[in-house]
Amino acid sequence: MNQHQLAETAQALVAPGRGILAADESSSTIAKRFTAIGVESTAESRRDYRELLFRATNAMQRYISGVILYDETIRQKAVDGTPLVTLIEKAGSIPGIKVDLGAKPLPGFPGETITEGLDGLAGRLKDYYGLGARFAKWRAVIDIAEGIPSRGAILANAEALARYAALCQEANIVPIVEPEVLMDGNHSLDRCYEVSEAVLRTVFAALYDLRVFLEGIVLKPNMVVPGMKSGQPASPAEVAAATVRLFKNAVPVAVPGIAFLSGGQSDFDATANLDAIARAAPPWAVTFSYGRALQAAPQKAWSGKAANVAAAQAAFAHRAQMNSLAALGQWSETLEKAAA
Ligand code: 13P
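What comes next is a walk through the structure. Note on numbering: residues in each chain are counted from 1, in written sequence order. Owing to the predicted nature of the model, reporting of local features is limited to residues with pLDDT of at least 70; listing and counting of side-chain atom pairs is limited to 80 or more, with chain, interface and lining totals taken over all residues. With hydrogens and water excluded, all non-hydrogen atoms of the structure serve as input to the side-chain values.

**Quick look at the site of the ligand**
Link 1 in the chain: Around the ligand, the structure places 13 residues, and the nearest of them are K137, K220, S262, G263 and R292.
Link 2 in the chain: A distance of 2.5 Å separates an oxygen atom of the ligand from a polar atom in the side chain of K137.
Link 3 in the chain: Only the protein chains shown count as cover for residues, and the accessible areas themselves come from Shrake-Rupley with a 1.4 Å probe. Here the ligand has 300 Å² of accessible area as a free molecule, and 92% of this is covered by the chains.
Link 4 in the chain: A cavity here means a set of points on a 1 Å grid, drawn over the protein atoms and nothing else, where a 1.4 Å probe fits but cannot get out; a pocket is an open set with protein on both sides within 12 Å along at least five of seven lines, and a residue lines either one if it has an atom within 4 Å of a point. Molecule-in-pocket calls rest on the fraction of atoms, with more than half required to lie within 2 Å of the cavity or pocket grid points. A molecule is said to occupy a pocket when more than half its atoms come within 2 Å of that pocket's grid points, and by this definition the ligand occupies the largest pocket. Put simply, a residue is near a molecule or strand once any heavy atom of it comes within 4 Å of that molecule or strand. We call two N or O atoms a polar contact when they sit within 3.5 Å, provided that within protein one can donate a hydrogen and the other can accept it, with sequence-adjacent residues counted only if both atoms are side-chain atoms.

**Describing the packing of helix α8 (residues 151-170) against helix α9 (residues 189-209)**
Link 1 in the chain: Between α8 and α9, the least distance of the axes is 8 Å, while the angle of their chain directions is 40°. Between α8 and α9, the angle is such that the two are oblique. Regarding α8 and α9, the two cross each other, and that crossing is right-handed. On the side of α8, the interface is formed by R151, I154, L155, A158, E159, L161, A162 and A165, while α9 contributes A198, V199, T202, V203, A206 and L207.
Link 2 in the chain: Residues are grouped as follows: nonpolar covers Ala, Val, Leu, Ile, Met, Phe, Trp, Tyr, Cys and Pro; charged covers Asp, Glu, Lys and Arg; every other residue, Gly included, is treated as polar. Of the residues that constitute the contact of α8 with α9, the class distribution is 11 nonpolar, one polar and two charged. Helix axes are fitted only over the stretch in contact, all axes being lines through C-alpha atoms; the angle between N-to-C directions runs from 0 to 180 degrees. Counting from the N terminus, the helices are the DSSP runs of H or I reaching at least four residues and the strands are the DSSP runs of E reaching at least two. Orientation labels follow simple angle bins: below 35 degrees gives roughly parallel, above 145 gives roughly antiparallel, 65 to 115 gives roughly perpendicular, and whatever is left gives oblique. Each crossing gets its hand from how the near helix is turned against the far one by less than a right angle, where anticlockwise is left-handed and clockwise is right-handed. A contact between two residues is defined here by any heavy atoms of the two lying within 4.5 Å.

**A short note on the environment of S332**
Link 1 in the chain: Structurally, S332 is set in the loop between α13 (309-327) and α14 (333-339).
Link 2 in the chain: In sequence terms S332 and V39 are 293 residues apart; their C-alpha atoms lie 34 Å from each other.

**Quick notes on the environment of H187**
Link 1 in the chain: Structurally, the position occupied by H187 is in the loop between β7 (174-181) and α9.
Link 2 in the chain: The classification of residues rests on relative accessible area computed with a 1.4 Å probe and restricted to protein chains. Under 20% of the type maximum is buried, over 50% is exposed, and intermediate values are partly exposed. We classify H187 as buried; its relative accessible area is 7%.
Link 3 in the chain: In this structure, the C-alpha to C-alpha distance between H187 and A272, residues 85 residues apart in sequence, is 21 Å.
Link 4 in the chain: Discounting chain neighbours no more than four positions away, the residues touching H187 are I144, L182, C192, V225, P226, G227 and S230.
Link 5 in the chain: At 3.5 Å, the side chain of H187 forms a polar contact with the backbone oxygen of D184.

**A few points about the packing of aromatic side chains**
Link 1 in the chain: Stacked, edge-to-face and tilted labels apply to pairs of Phe, Tyr and Trp rings (six-membered ring for Trp) whose centres lie within 6.5 Å, assigned for plane angles under 30 degrees, over 60, and everything in between, in that order. For the structure shown, the criterion picks out seven aromatic pairs.
Link 2 in the chain: Centre to centre, the rings of F34 and W302 are 5.6 Å apart; their planes meet at 55°, and the pair counts as tilted. One end of the pair, F34, is in helix α2 (residues 27-36); the other, W302, is in helix α12 (residues 292-302), and 268 residues separate them in sequence. There is no split in this pair, since F34 and W302 are both buried.
Link 3 in the chain: Ring centres of F247 and F260 lie 5.7 Å apart, and the angle between their planes is 80°; on these two criteria the pair is classed as edge-to-face. With F247 in helix α10 (residues 236-250) and F260 in strand β9 (residues 257-260), the pair connects residues that are 13 residues apart, well separated along the chain. Each member of the pair, F247 together with F260, is buried.
Link 4 in the chain: One Lys or Arg, R134, reaches over the ring of Y129 and ends 3.6 Å from the middle of that ring. We call a charge positioned over a ring when the NZ of a Lys or the CZ of an Arg lies within 6 Å of the ring centre and within 35 degrees of the ring normal.

Set out below in structure tokens:
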């Protein structure tokens, strides 16, 4: 393990005003996104779409510190034969790779899941390093509903995240540690706080037990928000106050940065909430690691047509710029409207 290299990569991922593009949708998830815009999902259409993102140099060079790829994409070449990884590197961004194999039902715990993918992971990480990956992602999923999450599901997922993180660091790959408490459901903001606190405390205990080097990870959590079906709106100031209070209680300051997931929030909310969190001046670098909140707009603008590539790239650059400003606590609704 090269701690110096790991710390440097982790810091680069959360450098001021830069954040992560999560473009690691599995083939079934990207097929759902493509169906919504009337595009057939094929290896070629997936390549064309991702190539247009990685060639959007305005967005990539200025605002995107790293890109999380799916196994298919890290091996794909652009139309002119250039590996997609090279496009990302040329834009000054760091290639990353999703290495978990998805959340599967946890036996004995109805409605709960355990993320799989530890078997053979050391070998896969070695291959991915050779393909250019310098960071990785593993997503644990915790759902809130009547009677769940259970302690058993939280413990099992925390241990898997810690095993993954230790294996990544051994391969000189920075682990993005993603314990996602889902925003679906009708729970309150307080309930999200309580569950997220239990999850984060358990995850950091597991990371400690497995001797994970905290200066060489990036945490990718949910924000503290009320469930989407709760009908209880929360202002960015309320979300930021709860989120920052939680992290101050549960996350060591040695962690170089927190890169939030968007989790199904609207583009506007994901940006406004990140801005409010950054304005609260937490003791970590905070930024975005957004999938949907960076890609919904360019996907719609593209709609599978070559003639729309420039418009899609502009839509991506716009969201990337707004989220970059938010990560610095310098975004405003006026700027959003002026730039639209
Ligand atoms: P969203 O921002 O769409 O939640 O995706 C981020 C991600 O990578 C989830 O694992």
